[in-house]
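Observations on the model geometry
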Amino acid sequence: MLKDRDILRKKMQKMRTGIDGKIFKDKLIFDCFFNMKEVSGFESFFVYVSMNDEADTLRIIEKLLCLNKKVCIPYTKDCTMSVKRLLELPQNVKTDKLGNIYEADILPTVDFDCDCAVVPMLAFNNRLFRLGYGGGYYDRFLSTFKGFRLGLAYSEQLNNEFAESCFDEGLDAIVTQNGIIRKRGAL
């Protein structure tokens with residue numbers, strides 16, 4: 001097992017950049033996401049805004065808004081992540097290096113818990129723990145989150161070279177282009 005997560009992060013970023021057929025794979029992830037029985041029952045979603053070569057969330061956010069679901073996004077500033085309510089998806093979405101939509105700071109901060117959190121990752125293991133970017137923002141968020149925890153990734157991101165730490169928060173399911181991977185015993 002690799003102990004140095006920074007080396008693994010670099011390896012996984014390079015691997016993810018080289019994944020072929022992302023547009024087609026993003027469509028399959030989109031379809032799997034909306035075919036999940038849990039998704040149709042949820043009213044509110046906390047969804048990361050995809051950037052660079054992450055599994056695409058912009059189409060997911062757009063459809064959730066069209067379905068009149070409450071959509072919230074992360075806003076990270078000064079080492080703290082807050083939850084902002086997104087009422088519409090801006091045209092030509094642009095993000096900063098932390099994945100913040102420009103001008104998201106003016107969006108209202110939410111005062112409710114979302115039913116489902118959709119989180120990004122560089123890798124995931126077969127125990128449904130994710131390897132993030134190293135800032136700890138999502139693990140801190142998930143440590144108090146009571147809803148359904150869902151990751152989006154390409155199946156190529158499965159990597160068992162890392163062991164989770166005491167700070168890592170597990171997921172309930174991960175959606176890939178090949179289907180839904182669920183925690184054992186989960187529906």
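Description of the structure in this document. (Residues numbered from 1 in each chain as written. Predicted model: local features only at pLDDT ≥ 70, side-chain atom pairs only at ≥ 80, totals over all residues. Heavy atoms only, no water.)

Section: the packing of helix α2 (residues 22–35) against helix α4 (residues 58–66)
Orientation of α2 relative to α4, taken along the N-to-C sense of each, is 35 degrees, at an axis distance of 10 Å. The two elements α2 and α4 meet at a crossing, and its hand is right-handed. Packed against α2, whose contacting residues are Lys 27, Phe 30, Phe 33 and Phe 34, the element α4 presents Arg 59, Ile 60, Lys 63 and Leu 64 at the interface. Its residues assigned to classes, the contact of α2 with α4 comprises 5 nonpolar, no polar and 3 charged. (Axes fitted to C-alpha atoms, helices over the stretch in contact; angles between N-to-C directions. Helix = DSSP H or I, 4+ residues; strand = E, 2+ residues; numbered from the N terminus. Left-handed = near helix turned anticlockwise from the far one by under 90°. Contact = heavy atoms within 4.5 Å. Nonpolar A, V, L, I, M, F, W, Y, C, P; charged D, E, K, R; others polar.)

Topic: the layout of surface pockets
In this structure, the largest pocket spans a volume of roughly 570 Å³. The wall of the largest pocket is formed by 30 residues, among which Tyr 133, Gly 134, Gly 135, Gly 136 and Tyr 137 lie closest to the centre. The biggest single contributor to the lining of the largest pocket is helix α5 (residues 137–144), with 5 residues. Of the residues assigned to the lining of the largest pocket, the class counts are 12 nonpolar, 9 polar and 9 charged. There is about 160 Å³ of room inside the second largest pocket. For the second largest pocket, the lining is made up of 13 residues, of which Pro 90, Ile 101, Tyr 102, Glu 103 and Ala 104 are closest to its centre. Tallied by class, the residues present in the lining of the second largest pocket amount to 8 nonpolar, 2 polar and 3 charged. (1 Å grid on protein atoms, 1.4 Å probe; cavity = no way out; pocket = protein on both sides within 12 Å on 5 of 7 lines; lining within 4 Å. Points joined across faces, edges and corners; volume = space filled by probe spheres on them.)

Quick look at the pairing of strand β3 (residues 80–86)
Bridge analysis of strand β2 (residues 70–77) against β3 gives 7 bridges, and the strand direction is antiparallel. Following the sheet pairing, Ile 73 is matched in β3 by Lys 84. Connecting β2 to the next strand, β3, in antiparallel fashion are 2 residues, including Asp 78 with a positive phi near 50 degrees. (Pairing = 2+ DSSP bridges.)

Some remarks on empty space enclosed by the protein
Scanning the entire structure with this criterion turns up 1 cavity of 30 Å³ or more. Quantified by volume, the largest cavity comes out at close to 30 Å³. Around the largest cavity, the lining residues are Asp 26, Lys 27, Ile 29, Phe 30, Asp 56, Arg 59 and Ile 60. For the lining of the largest cavity, the elements supplying multiple residues, two or more each, are α2 and α4. No other element matches the 4 residues that α2 contributes to the lining of the largest cavity.

A word on the pattern of salt bridges
What the rule picks out here adds up to 11 salt bridges. As a salt-bridge pair, Asp 53 and Arg 16 come within 2.9 Å of each other at their nearest N and O atoms. On the criterion of sequence distance, the pair formed by Asp 53 in the loop between β1 (44–47) and α4 and Arg 16 in helix α1 (residues 5–17) is long-range, its members being 37 residues apart. Pair check on accessibility: Asp 53 and Arg 16 agree, each one buried. Glu 169 is paired through a salt bridge with Arg 149; the nearest N and O atoms lie 3.0 Å apart. One end of the pair, Glu 169, is in the loop between β7 (148–152) and β8 (173–176); the other, Arg 149, is in strand β7, and 20 residues separate them in sequence. (Salt bridge = Lys/Arg side-chain N within 4 Å of Asp/Glu carboxyl O. Buried < 20%, exposed > 50% of the residue type's maximum accessible area, 1.4 Å probe, protein only.)

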